[in-house]
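An overview of the molecular structure
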Amino acid sequence: MSLPRRYDRQFRPRFSRLHLDRDLRWVVPLSVRYVVAITGERFAGKSVALAYLTEKHGFEVYSLATTLRELAVEFGVPLEPRHRLQDLGDELRTEHRDPAYLARLTLRKIHRDHLDHRARAEAPRRIAVGSFKRLEEVRLFEALDRFRQLNIFASRKVRLERALDSGIMAQELMHLSPPPALDMATFKRHIERRDRMGNDNPWTDGYGQAVAEVTSAKSAKTISNRGRLADLATALDGEISDLDEQHSAFSG
């Protein structure tokens, strides 16, 4: 019979607000085995990679997009069409004069969960984070001791095919009048350009999306996802095996 956990059947400290301290990361180190950032352009396969890390390798997954959606609900901002959320993200980074604002909130959430006495404590966790839109967001997580950026790559042609096959491209552009042709020119103008280089809004200049800088980071390890999902899984397995071996001392 296994021993009970340390805090089983104990009262939660209702008045503790330590996990809300914005400077907590400098006071209490984040005790995780390592953190992986999954980056890439739209329809490259980031969501598939994150799902695989969760299902096959037991990673805990966090997303800057989830943080943004939670804020959108709080502020009453519609979640559709997609550009509403993109605008909100740009505006929040601008308002706080912090290009890594959403990453900072997400990292704070990870710290809060880490300090929750109900969290699993058997061994240091492995964490994967997605939805990076600016290089400063990656740099914030890169300051952690054990971190790796994995950039998922697929050609524009492959990404267009996925956008069409999934129906997401048509859904995202249905608000435009007249509806544009679902072709490469439209993909580059309405899907790819905003994600890679922002929306040319002078008020949010310097704080808008800039995925092109994220994917070109020299420290990133690029994984090709042009073909079969099995090939992507094999590549991810190799990276995780390498990280597990490199950080085996933190396995508990």
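None of the values given here were measured: they were computed from a predicted structure.

A side chain of one charge can pair with a side chain of the opposite charge when the charged atoms of the two come close. Evaluation of the coordinates by the stated rule reveals 23 salt bridges. The partner of Arg-42 in a salt bridge is Glu-172, and the shortest N-O contact between them spans 2.7 Å. Of this pair, Arg-42 sits in the loop between β1 (32–40) and α2 (46–57) while Glu-172 sits in helix α8 (residues 168–173); the two residues are 130 residues apart in sequence, bridging distant segments of the chain. With a shortest N-O distance of 2.5 Å, Lys-221 and Glu-239 are connected by a salt bridge. You can see Lys-221 sitting in strand β5 (residues 221–224) and its partner Glu-239 sitting in helix α11 (residues 229–246), a full 18 residues away along the chain. Bridged by salt links that share partners, the residues Glu-41, Arg-156, Arg-159, Glu-192 and Arg-196 form one connected network.

Here the chain averages 86 in pLDDT, and 83% of its residues register 70 or above. Within the model, pLDDT remains below 50 along residues 24–28, and this stretch shows 11 contacts once partners closer than five positions in the same chain are excluded.

Spatially, the five strands line up as an open sheet ordered β2-β3-β1-β4-β5, and their pairing is parallel. The open sheet terminates on both sides in strands that have one partner only, identified here as β2 (60–63) and β5. Looking at each pair of strands side by side, their axes are set apart by 25° on average, direction ignored. The sheet contact formed by β1 and strand β3 (residues 125–130) spans five bridges and is parallel. Bridged to Val-35 within β3 is Ile-127.

Conventions we followed
Residues numbered from 1 in each chain as written. Predicted model: local features only at pLDDT ≥ 70, side-chain atom pairs only at ≥ 80, totals over all residues. Heavy atoms only, no water. Salt bridge = Lys/Arg side-chain N within 4 Å of Asp/Glu carboxyl O. Helix = DSSP H or I, 4+ residues; strand = E, 2+ residues; numbered from the N terminus. pLDDT = per-residue confidence, 0-100. Contact = heavy atoms within 4.5 Å. Pairing = 2+ DSSP bridges. Axes fitted to C-alpha atoms, helices over the stretch in contact; angles between N-to-C directions.

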